[in-house]
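Overview (structure and organization)
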Amino acid sequence: PDLIYPGDEILVPKAASDSKPDDDKPQQLSKSTEINGHRIAGNFYSVYQDNQNQLGKPISNAIKTSDDVSYQLFEKGSIVSSEHGTFPLFGAIRHK
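Figured I'd write up the structure that's included with this text. Since the structure is predicted, the reported quantities are computational estimates derived from the model, not experimental observations. (Residues numbered from 1 in each chain as written. Predicted model: local features only at pLDDT ≥ 70, side-chain atom pairs only at ≥ 80, totals over all residues. Heavy atoms only, no water.)

Now for the side chain of serine 60. Here serine 60 is to be found in the loop between helix 1 (43-55) and strand 5 (63-64). At 3.0 Å, the side chain of serine 60 forms a polar contact with the backbone nitrogen of leucine 73. Once residues lying within four places of it in the same chain are set aside, the contact partners of serine 60 are His38, Gln72 and Leu73. (Helix = DSSP H or I, 4+ residues; strand = E, 2+ residues; numbered from the N terminus. Polar contact = N/O pair within 3.5 Å; in protein donor to acceptor, adjacent residues only side chain to side chain. Contact = heavy atoms within 4.5 Å.)

And the structure:
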């Protein structure tokens, strides 16, 4: 397919110089990480990757507040996910 949707697995073949004759399986890119005992995964992971300096380290796991809204708290901000997308919040807007 030409489109990649959030949550899809992406398989990347190893470079020819890096592969051994019996090692031709594609590498799977990580879509999650665990920091301070808190998992950052799914849509939260890509937003965290792009904003980790502003957000700091996680201080909670993702928290679901309704069927279509969840959030995760970080030292200096949060990530909110809803039907409208997944966005980082940091600075003054977080306190409103």
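So much for the structure itself; the text now carries on.
Right, let's get into the environment of valine 47. Mapped onto the fold, valine 47 is located in helix 1. It is 6.8 Å that separates the C-alpha atoms of valine 47 and phenylalanine 87, two residues lying 40 residues apart in sequence. If sequence neighbours within four positions are ignored, valine 47 has contacts with Ile79, Thr86, Phe87 and Pro88.

Below, the discussion takes up the pattern of salt bridges. A complete count under the given rule lists one salt bridge for this structure. Note that arginine 39 and glutamate 34 form a salt bridge whose closest N and O atoms lie 3.2 Å from each other. Arginine 39 sits in the partly exposed class, given a relative accessible area of 39%. Note on glutamate 34: relative accessible area 48%, which makes it partly exposed. (Salt bridge = Lys/Arg side-chain N within 4 Å of Asp/Glu carboxyl O. Buried < 20%, exposed > 50% of the residue type's maximum accessible area, 1.4 Å probe, protein only.)

On to the sheet that holds strand 7 (residues 77-82), then. One open sheet accounts for four strands, arranged 5-6-7-8; its pairing is antiparallel. Two strands in the sheet have a free side with no partner beyond their single neighbour: strand 5 and strand 8 (85-90). When strand 5 meets strand 6 (residues 70-74), the two strands line up antiparallel, connected through two bridges. Directly across from lysine 64, in strand 6, lies its bridge partner serine 70. Contacts from helix 1 reach strand 6, strand 7 and strand 8, with the element oriented near 20° to strand 8. (Pairing = 2+ DSSP bridges. Axes fitted to C-alpha atoms, helices over the stretch in contact; angles between N-to-C directions.)

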